[in-house]
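# Coordinates in review
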Amino acid sequence: MKYLHLLLLATHLGLFPLPSQAQVMTLENSPYNMENSQFNMENSPYNMRNSPYNMDNSQYNVNSKNGVYDNTGNRIGYEVKAPSGVTNYFDNSGNRIGYTPSKR
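First things first, this report covers the structure right here in the doc. Residue numbers here run from 1 along each chain, matching the order of that chain's written sequence. The model is predicted, so local features are restricted to residues of pLDDT at least 70 and side-chain atom pairs to those at 80 or more, both for listing and for counting; the totals for chains, interfaces and linings are taken over all residues. For side-chain calculations, the full set of non-hydrogen atoms in the structure is used, while hydrogens and water are omitted.

This part is about the overall build of the chain. Regarding its fold elements, the chain presents one helix and four strands. Secondary structure elements follow DSSP: runs of H or I of four or more residues count as helices, runs of E of two or more count as strands, with numbering from the N terminus. Sequence-ordered secondary structure for the chain, helices as α and strands as β, is α-β-β-β-β. Type-normalised accessible area, obtained with a 1.4 Å probe on protein chains alone, sets the label of each residue: buried when under 20%, exposed when over 50%, and partly exposed for intermediate values. Buried positions account for 33% of the 104 residues belonging to the chain. Just so you have it, the chain exposes about 8,100 Å², and 60% of that area is on carbon and sulfur atoms. The Shrake-Rupley method, run with a 1.4 Å probe, gives the accessible areas here. Residue values count only the displayed protein chains as cover.

The following block contains the structure:
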């Protein structure tokens, strides 16, 4: 009898929606959208425009205008805007560490 009451209680609790902690993610800002995907050649570190071997992205280029710095002023990477409007962030080794979706 005790187990029957627990079963009924569990069934009733399942009928009421509980608040969700999930964030809403639209296709425009999803990493699964091909426009944002690292498998898109525009976002790939193997694309010369995004490569750390491109002089514009090199950490040794003191005139580089696309460096990304931490709060203490150390360069941690660089950013490159793709033709699709996505801004890609790479570490100094050329590994893609993030992106900002297109503003279109």
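Before going further, it helps to examine the packing of aromatic side chains. Pairs of aromatic rings are described using the distance from one ring centre to the other and the angle between the two planes. Ring pairs are drawn from Phe, Tyr and Trp, using the six-membered ring of Trp, whenever the two centres fall within 6.5 Å, and their geometry is named by plane angle: stacked under 30 degrees, edge-to-face over 60, tilted for the rest. Applying the stated criterion across every chain yields a total of one aromatic pair. Measuring from centroid to centroid gives 5.3 Å for tyrosine 78 and phenylalanine 90, while their planes differ by 20 degrees, and the two rings are stacked. Residue tyrosine 78 is found in strand β2 (residues 75-81), and its partner phenylalanine 90 is found in strand β3 (residues 87-91); the two are separated by 12 residues along the sequence. Phenylalanine 90 matches tyrosine 78 in its accessibility class, with the two residues each being buried.

Examined against the element boundaries, asparagine 88 turns out to sit in strand β3. Among the residues examined, asparagine 88 registers a relative accessible area of 0% and is labelled buried. N or O atoms closer than or at 3.5 Å make up a polar contact, with two conditions inside protein: a donor-capable atom paired with an acceptor-capable one, and, for residues adjacent in sequence, both atoms drawn from side chains. Within polar-contact distance, the side chain of asparagine 88 engages the side chain of asparagine 43 at 2.9 Å. Of note is the side chain of asparagine 88, whose polar atom sits 2.9 Å from the side chain of arginine 96. What asparagine 88 contacts, discounting residues up to four positions off in sequence, is Glu42, Asn43, Tyr78, Glu79, Val80, Ala82, Arg96, Gly98 and Tyr99. Two residues qualify as a contact provided that any one of their heavy atoms is within 4.5 Å of a heavy atom in the partner residue.

With that out of the way, let us pick up the sheet that holds strand β1 (residues 67-69). We call two strands paired when DSSP finds no fewer than two bridges between them. Pairing within the open sheet is antiparallel, and its four strands lie in the order β1-β2-β3-β4. Two strands lie at the open edges of the sheet, namely β1 and β4 (96-100), each paired on one side alone. The sheet shows a mean angle of 30 degrees between the axes of neighbouring strands, taken without regard to direction. Here an axis means a line fitted to C-alpha atoms, over the contact stretch when the element is a helix, while the angle between two N-to-C directions is reported on a 0 to 180 degree scale.

Attention now moves to the environment of glycine 98. The residue glycine 98 is located in strand β4 in this model. C-alpha separation for the pair glycine 98 and threonine 87, spaced 11 residues apart in sequence, amounts to 8.6 Å. When residues no more than four places from it in sequence are discounted, the contact partners of glycine 98 are Thr87, Asn88 and Tyr89.

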